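A closer look at the structure
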Amino acid sequence: MFLITTADPRFWPSRGPVLLLGEWCKIYSQKHSYEHLEAETLSYHWDDRARLYSDYQYLDGIYEKYLDALSSKLNAIHTINQSHRFWRIVVGPWLRYFVEIFYDRYLSISAAADRGSVSDTLIVDTSRLTPPLDFPEFNNWYACDSHNHRLYSWLIERTSGLPFHKISVEPDLPSLKSRKKSGSDLIAVIISRVGHVMPAKCTQISLLTTQLPVQQLSRLNTALRQFPWPAAPPIRLLQRPAPDSSLRSGLVLQAANTSFEKLLDRAIAEHIPCAHVEAFETLRRRALSAYPVRSDVIVTSAAETFDEAFKIWTGLQVDKGATFMMSQHGGSFGTCLWVSAEDHQVAISNRFYSWGWTDGKMPSVKPMPAFRLVGIVKRIRPSDSGRILWSLVSCPRYSFRMLSLPVAGQFLSYIDEQFRLAGALPKEVRSKITVRLYPEKYGWDEEQRWRERFPDIQIGDGGENMEKELSRCSLSISTYNATTFLQTMAANFPTPTCQT
């Protein structure tokens, strides 16, 4: 059987039989491309939810082990001596995601090899990979077919468990939206330059990207007699440096105890973003010139993962003794059985302010009113229209992080559950519903599926501000364990929940 690893048609045969590595290979709107094939879909390892949780615990240990090893290597190649916590703040977000993604792909390739029925598959040359520029670009890649085909190709070639042919195909990787400075960025740059030269007493407490409304943030800074940073300075990498093989060879690890870890030893060195290797010193210098020279307390809700310069500056300040505090960004934290991103954010902060929950195993977690929900009861009020806003979630077709929500192809079960509920409703009720699709689209073709099954239901693409949509409705149906139902409940908006 020919093995198909992704939905990228450039690597598909013209006829079967074929083995599809997972449900992510099937694009609903392109059914014609696989319905004529004699196709079988490989069962997915994490459909066993007990195994998913067990692997989450296993990977937590792998992450800690490799963070320790990588921290030492990064200090060596950059000839610095930053703390383990510094590197947890700086490289931890990417490393945690990558370890979890890489293990998922490894398990799939291993399962295909164990079948013993694969006769061929097509891979690309991975001898000279282009690593992501930074976390935002990595985040833009991990859900796309081209990047995942490269990752599967990398594993297939190095595990030697599957027959393959290598073809020359240019990667079709998505690019980030323009990184040019906007008007608001220019204002933030000017403010950061002023803040950088302010007396130390005015920058003792830095409140950056907190999600507090501007007026409340200004009032808080005034009360604290601190310089009012509206947001973290916009420091972006605008050009991609060439991968430096000498630097990256210094990152090849020797921490392996298993066959998977032997692959991980080398994969980290090849896939780690440029922001942590070739562009690290540039980002460090720019951060030091834009942020306060010294802050004793740093508070954020949303800059700890995507903002590379913020992470470097915060790590440097923490190594000087600063206290780092985080306020919860959104839902799932404290309500899901496990979320690896929650583990990370609690671990990097001295104090983590939750949206009301506590955990006896996490003494640094303290409940506090949610920044993001300040004033929401005034912004969202139900109308008397009788209309219903039914908010949906979406997720990448490929597993991308460990949390207790549907993973990869399990999302199809979530869609089926929505259809079951819609089918049970009288037509006069369905006529009052607007299904709000998730703004991010991952190739599940939810809109087409809904229109084919329920043409009498109004569909919204998720592009409009949710608070405005809610203000035209009388009822909100929440279907997933994240932020939406917390927002509507905080606003005292009528909210039945229908969650997987």
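Below: a short report on this structure.

Calculation criteria
- By convention here, each chain's residues receive numbers from 1 onward along its written sequence.
- Reporting of local features is limited, given that this is a predicted model, to residues whose pLDDT is at least 70; pairs of side-chain atoms are given and counted only at 80 or more, and all residues count toward the totals for whole chains, interfaces and linings.
- Side-chain descriptors were evaluated using all non-hydrogen atoms of the structure, hydrogens and water having been removed beforehand.
- Secondary structure follows DSSP: runs of H or I at least 4 residues long count as helices, runs of E at least 2 residues long count as strands, and numbering of each begins at the N terminus.
- Helix span, as expected, comes to 1.5 Å for every residue beyond the first.
- N or O atoms closer than or at 3.5 Å make up a polar contact, with two conditions inside protein: a donor-capable atom paired with an acceptor-capable one, and, for residues adjacent in sequence, both atoms drawn from side chains.
- Two strands pair if DSSP finds at least two bridges between them.
- Here an angle of 0 to 180 degrees is reported between the N-to-C directions of two axes, which are lines fitted to C-alpha atoms, with helices fitted over the stretch in contact.
- Exposure classes here rest on a 1.4 Å probe applied to the protein chains alone. A residue is buried below 20% of its type maximum, exposed above 50%, and partly exposed in between.
- We call a crossover right-handed when, viewed with the strands running away from us, the connection from the first strand over the helix to the second turns clockwise.
- Salt bridges are counted wherever a side-chain nitrogen of Lys or Arg sits within 4 Å of a carboxyl oxygen of Asp or Glu.
- The aromatic pairing rule takes the rings of Phe, Tyr and Trp, using the six-membered ring of Trp, and pairs them if the centres are within 6.5 Å, calling planes under 30 degrees apart stacked, those over 60 edge-to-face and the rest tilted.
- Only buried Ala, Val, Leu, Ile, Met, Phe, Trp, Tyr and Cys residues count toward a nonpolar core, and they belong to the same one when joined by side-chain atoms within 4.5 Å.
- We call two residues contacting when some pair of their heavy atoms lies within 4.5 Å.
- Any angle from 65 to 115 degrees is called roughly perpendicular, while one under 35 is roughly parallel, one over 145 is roughly antiparallel, and all others are oblique.
- What makes a crossing left-handed is the near helix being turned counterclockwise from the far one by less than a right angle; a clockwise turn instead makes it right-handed.

**A closer look at helix H2 (residues 49–77)**
Between its first and last C-alpha, H2 extends 40 Å over 29 residues, near the 42 Å set by a 1.5 Å rise per residue. Two or three places before Ala 50, at the opening of H2, Asp 48 has a side-chain oxygen 3.1 Å from that residue's backbone nitrogen. Among the residues trailing H2, Thr 79 stands out with phi positive, at a value near 45°.

**A word on the sheet that holds strand E13 (residues 458–460)**
Ordered in space as E13-E12-E11-E14, the four strands form an open sheet in which the pairing is parallel. Either end of the sheet is taken by a strand with one partner, and the two such strands are E13 and strand E14 (475–478). Taken over all neighbouring pairs, the strand axes of this sheet differ in orientation by 25° on average, direction set aside. As defined by bridge partners, strand E11 (residues 388–391) adjoins E14 across four bridges and the pair is classed as parallel. Bridged to Ser 391 within E14 is Ser 478.

**Digging into the pairing of strand E7 (residues 297–300)**
Because side chains alternate across E7, one face comprises the buried residues Val 297 and Val 299, and the other comprises Ile 298 and Thr 300, equally buried. Inspection of the sheet shows strand E6 (residues 205–207) paired to E7 by three bridges, in the parallel sense. Residue pairing for E7: Ile 205 is matched across the bridge by Val 297. Summarising the sheet, E7 and strand E8 (residues 323–327) pair through four bridges and their orientation is parallel. Bridge assignment links Ile 298 to a residue of E8, and that residue is Phe 324. In this fold, E7 hands off to helix H12 (residues 308–319), which returns the chain to E8; that crossover is right-handed.

**Some thoughts on the pattern of salt bridges**
Pairs can form between side chains of opposite charge once their charged atoms are near each other. Here the structure, examined in full by the defined rule, presents 24 salt bridges. In this structure, Arg 51 engages Asp 55 in a salt bridge whose closest nitrogen and oxygen atoms are separated by 3.4 Å. Of this pair, Arg 51 and Asp 55 both sit in helix H2, four residues apart, which is roughly one turn of that helix. Exposure remark for Arg 51: the relative accessible area of 33% places this residue in the partly exposed category. One salt bridge in this structure joins Glu 447 and Arg 451, with 3.0 Å as the shortest N-O distance. Of this pair, Glu 447 and Arg 451 both sit in helix H17 (residues 446–453), four residues apart, roughly one helical turn.

**Some remarks on the packing of aromatic side chains**
Counted under the stated rule, the structure contains 39 aromatic pairs. Ring centres of Phe 102 and Trp 154 lie 5.7 Å apart, and the angle between their planes is 70°; this geometry places the pair in the edge-to-face category. In this pair, Phe 102 sits in helix H4 (residues 92–115) while Trp 154 sits in helix H6 (residues 145–159), placing the two residues 52 residues apart along the sequence. Judged by centre distance (6.3 Å) and plane angle (45°), the rings of Phe 352 and Trp 357 are tilted.

**Side note on the environment of His 344**
Relative to the helices and strands, His 344 resides in helix H13 (residues 340–348). Judged by its relative accessible area of 5%, His 344 is buried. Each C-alpha atom of the pair His 344 and Pro 93 lies 7.4 Å from the other, and the pair is 251 residues apart in sequence.

**What to know about the nonpolar core**
Ranked by size, the top nonpolar core spans 112 residues in total, and within it Leu 21, Trp 94, Phe 102, Leu 264, Ile 268 and Tyr 291 carry the most contacts. Residue contributions to this core peak at 12 residues, all from H4. Once residues lying within four places of it in the same chain are set aside, the contact partners of Ile 268 are Tyr 66, Leu 70, Trp 94, Leu 95, Phe 98 and Leu 253. With 22 residues, the next largest nonpolar core counts Leu 392, Leu 437, Trp 450 and Ile 459 among its residues.

**Quick notes on the packing of H4 against helix H10 (residues 259–271)**
In the contact formed by H4 and H10, the axes pass within 11 Å of each other and the chain directions differ by 130°. Relative to H10, the element H4 is oriented oblique. Like other packed secondary-structure pairs, H4 and H10 cross with a definite hand, here right-handed. In contact with Trp 94, Leu 95, Phe 98, Val 99, Phe 102, Tyr 103 and Tyr 106 of H4, H10 contributes Ser 259, Phe 260, Leu 263, Leu 264, Ala 267, Ile 268 and His 271.

**Focus: the side chain of Glu 469**
Along the polypeptide, Glu 469 turns up in helix H18 (residues 466–471). On the basis of relative accessible area, Glu 469 is assigned to the buried category, the value being 7%. Among the polar contacts listed, one links the side chain of Glu 469 to the side chain of Arg 436, at a separation of 2.4 Å. Here Glu 469 is in contact with Leu 389, Thr 434, Arg 436 and Glu 464, once residues within four sequence places are set aside.

**Quick word on the sheet that holds strand E3 (residues 39–41)**
The strand order across the open sheet built from three strands is E1-E2-E3, with neighbouring strands paired in parallel fashion. Of all strands in the sheet, those with a lone pairing partner are strand E1 (2–4) and E3, marking the two edges. Neighbour to neighbour, the strand axes of the sheet diverge by 25° on average, direction disregarded. Looking at chain direction, E1 and strand E2 (residues 18–20) are connected through three bridges and run parallel. When the bridges of E2 are listed, Leu 3 appears paired with Leu 19.

**What to know about the pairing of E11**
Taking every second residue as pointing to the same face, both faces of E11 are buried, with Ile 388 and Trp 390 on one and Leu 389 and Ser 391 on the other. Judged from the four bridges that link them, E11 and strand E12 (residues 433–436) form a sheet pairing that is parallel. Paired with Ile 388 across the strands is Ile 433, a residue of E12.

**Some thoughts on the side chain of Glu 270**
Tracing the sequence through the fold places Glu 270 in helix H10. Here the side chain of Glu 270 touches Trp 154 through a polar contact of 2.9 Å, side chain to side chain. If we skip the residues at most four places from it in the chain, Glu 270 touches Thr 126, Leu 129, Pro 131, Trp 154, Arg 158 and Arg 248.

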